[in-house]
Amino acid sequence: MKKLILFFSAVLITTVISCRQDDDNFSSEDYQNLELINKASQKIQDSTNSTTVVEGDPIPPPKR
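Quick caveat: nothing in here was measured; it's all calculated off a predicted structure.

(A) Summary view of the overall build of the protein. The secondary structure content of the protein amounts to two helices and zero strands. Of all 64 residues assigned to the protein, the portion counted as buried reaches 0%. As displayed, the protein has an accessible area near 7000 Å², and 60% of this comes from carbon and sulfur atoms.

Given below as structure tokens:
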């Protein structure tokens, strides 16, 4: 019984390990695209945060 359990566990482990997919590798073009996306999102964030409200100042009314 012990040998049977060891055999089935060995078969299970080998099937799990052999079916594992390789990790994704990024190419240099992918890194460049990610940097461009990061810079663009940073510019968008900076432009939306450019209106700073000093404490005590009234909040401007919403634009229509």
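(B) Highlighting the packing of aromatic side chains. Taken as a whole and judged by the stated rule, the model has two aromatic pairs. Each ring, one from phenylalanine 7 and one from phenylalanine 8, has its centre 5.6 Å from the other, and the planes form 65°; the classification is edge-to-face. Ring centres 5.9 Å apart and planes at 65° place the aromatic pair phenylalanine 26 and tyrosine 31 in the edge-to-face group. When its relative accessible area of 48% is taken as the criterion, tyrosine 31 is described as partly exposed.

(C) Representation of a nonpolar patch on the surface in the model. Residues Met1, Leu4, Ile5, Phe7, Phe8 and Val11 make up a contiguous nonpolar surface patch of about 670 Å² in total accessible area. Counting through the fold element by element, phenylalanine 7 comes out in helix H1 (residues 2–18).

The rules behind the values
Residues numbered from 1 in each chain as written. Predicted model: local features only at pLDDT ≥ 70, side-chain atom pairs only at ≥ 80, totals over all residues. Heavy atoms only, no water. Helix = DSSP H or I, 4+ residues; strand = E, 2+ residues; numbered from the N terminus. Buried < 20%, exposed > 50% of the residue type's maximum accessible area, 1.4 Å probe, protein only. Areas by Shrake-Rupley, 256 points an atom, 1.4 Å probe, with all protein chains shown as cover. Phe/Tyr/Trp six-rings, centres within 6.5 Å; stacked < 30°, edge-to-face > 60°. Patch = residues over 30% accessible without salt bridge, like charges linked within 9 Å, V, L, I, M, F, W, Y side chains within 5 Å. Salt bridge = Lys/Arg side-chain N within 4 Å of Asp/Glu carboxyl O.

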